Structure formats: structure tokens, C-alpha cells
Amino acid sequence: MRSFTAIVGLMLAALACAADAPPPRLVHLGASEAQIIAVLGVPTSYASTKNRTVLTYPEGQIVLEDGKATDIPTSLTDKPPSADKAVSEVSVPTKLYPVDQRFRDAFQKMVQTGYMLPAEMDAMLRSLVKMDTAQQAEYMNKMIPALLARIKQVDAQRAQVAQQQAQQQRQQQQAAQQQQQAAYQRNMMLLSYSQLLTQQQQLQEVQSWRQQQAAQQQQQQFQDFIYRTTPHDYFVIGPGIAPTTVTVTNMGP
């Protein structure tokens, strides 16, 4: 919403001040280095090779080959219709006009915020540079409703995409929660099964101990029975008794 307000503000400010636009600072393809410097002033940087010279200005770089301008920023002139044609064959408009910087700023902000493609901005600048200040203002007055409609359309599409993404995120969160709940239930089932196995194992150990105790008791009873029913020889000796052997059968309890 802030980007929308800023773009509209830049356009309206440019339209309001269209009458105060600065005089054009334009050069044409085929211009010499001296002619360019006479119109634009001294460049901010200068680079030169064997037959190629690059003059750098705030608006961009101007390239000269063999002393003639072959590449000029859109803000300073039109690009040749075909790069394959010689400079002398290019039809250059007799007069070009600067584009209000606020229009440029508005277009640039629309590109940065995704409301306009760079190619669309370049095409609009190419159209505006051929118009004087009044024509530019009239052109932009006609274009503003379309640009505002574009902004609203893009915002609506973005809102729809954001809503779909939020819905997908909620679905993913619900799926993750369901997976966590299923994993918890599986863990609880495994824990219950483990506890059941432990109880069964303990029960088996108790039963085994009882069986061992019962077996030991039966064995002891059997040994006692054998002892009671088997004759035993005792060697008896004492005062006044001659040593003798006595056989006793114990049938008592």
C-alpha cells in the first residue's frame, strides 16, 4: 500500500510541475565528443581505447566509436531502430525531449515492486522522449488509470497467492499435527504392549517359581516317605549294654 501511494504521488507531482520542466539536454547518434561535451558538460569519468571512447554521465554512459556516438542512454536520445545499420543510415528525430524525473522514479518504483516489466518501462520512456512537456502530461494523464488498474490487479493476484500459501501452510500444519498424533498413538500402543508383555513375563516367572516350589515339596515328601518305609540299621552301645546292631522300621509320621 505504501508503494502504491508513493507511485501515485510521484506521477501526480510530475504532472503538477510539468510546466516547470528543465530545458532538454540531448545529443544524437553520430555526434562527436566535442559536441557531446558542449551539450552535457564534462563527464564524470572518461575511458578510451584504440578506437572506442566511453563518456560517463549521471544518465548513463555514451559510447563513441571512431569519434562518433554509437550508443546513447534512452534519456538523452532514441536508440537506433537496428544495430546492424550504420549510424549515418539511422533516422534520428530532429528534436527529443527530456522525461520528467518523477515519471522515471515512478516507473522505476513500479519495476522494483513488480508492477511493471523493465521492457514496458523502456517502451514508455521511448514514447515520452518524443513528446514535449504538454504532450507528456497528456499522455501520462491517459496512462495513469491504466497503471492504477495494473497495480490493483497485481495486488489482488498477490493477495490471492498469499491466501493460497496461507491455506497450504495451514494444511501442512494440520497434516504435521495428525502425523504427530498418529505417532503418539503408536508409541502408546507399543508402551501398552510392552507393559502387557512385562506383566505376562512376571506372571510366568511367578508360575514357574510356584511350580519349582511344588516340585521341591513333592520331592521332599517323597524322600520323607522313602525314609519312613525303609528299614535302618542302628548300632547301639551304652553302659551295661553289649555292642549290638538293631534294625528299625519307622512307619510313623
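The structure displayed is predicted, hence computed values, not measured ones.

**What about a nonpolar patch on the surface?**
Together, Tyr184, Met188 and Leu191 make up an exposed nonpolar region whose accessible area comes to about 310 Å². Assignment of secondary structure puts Tyr184 in helix α5 (residues 133-229). Since its relative accessible area comes to 53%, Tyr184 is described here as exposed.

**Some points on the nonpolar core**
Core analysis: the biggest nonpolar cluster contains 17 residues, and Phe107, Met116 and Met140 have the highest contact counts within it. The set of elements that each furnish at least two residues to this core consists of α3 (101-112), α4 (118-128) and α5. With 12 residues, the next largest nonpolar core counts Leu29, Ile36, Tyr57 and Leu76 among its residues.

**Digging into the packing of α3 against α4**
Two packed helices can be described by the angle between their axes and the distance between those axes. Here α3 crosses α4 at 165°, and the two axes come no closer than 9 Å. Taken as axis vectors, α3 and α4 run roughly antiparallel relative to one another. In this structure, the crossing between α3 and α4 has a hand that is right-handed. Where α3 approaches α4, its residues Arg104, Phe107, Gln108 and Val111 are matched on the opposing element by Pro118, Met121, Met124, Leu125 and Leu128. Across the contact of α3 with α4, the residue classes break down as 7 nonpolar, 1 polar and 1 charged.

**A few points about the pattern of salt bridges**
Under the defined criterion, the tally for this structure stands at 3 salt bridges. When the shortest N-O distance is used, the salt bridge between Glu120 and Arg150 registers 3.1 Å. Here Glu120 is found in helix α4, whereas its partner Arg150 is found in helix α5, with 30 residues between them in sequence. Arg126 is the partner of Asp122 in a salt bridge, and the nearest nitrogen-oxygen pair spans 2.7 Å. A residue pair is termed a helical-turn pair when its members lie 3 or 4 positions apart in one helix, as Asp122 and Arg126 do in helix α4 at 4 residues. Taking the relative accessible area as the measure of exposure, Arg126 reaches 23% and is therefore partly exposed.

The rules behind these values
Residues numbered from 1 in each chain as written. Predicted model: local features only at pLDDT ≥ 70, side-chain atom pairs only at ≥ 80, totals over all residues. Heavy atoms only, no water. Patch = residues over 30% accessible without salt bridge, like charges linked within 9 Å, V, L, I, M, F, W, Y side chains within 5 Å. Areas by Shrake-Rupley, 256 points an atom, 1.4 Å probe, with all protein chains shown as cover. Salt bridge = Lys/Arg side-chain N within 4 Å of Asp/Glu carboxyl O. Helix = DSSP H or I, 4+ residues; strand = E, 2+ residues; numbered from the N terminus. Buried < 20%, exposed > 50% of the residue type's maximum accessible area, 1.4 Å probe, protein only. Core = buried A, V, L, I, M, F, W, Y, C linked by side-chain atoms within 4.5 Å. Axes fitted to C-alpha atoms, helices over the stretch in contact; angles between N-to-C directions. Parallel < 35°, antiparallel > 145°, perpendicular 65-115°, else oblique. Left-handed = near helix turned anticlockwise from the far one by under 90°. Contact = heavy atoms within 4.5 Å. Nonpolar A, V, L, I, M, F, W, Y, C, P; charged D, E, K, R; others polar.

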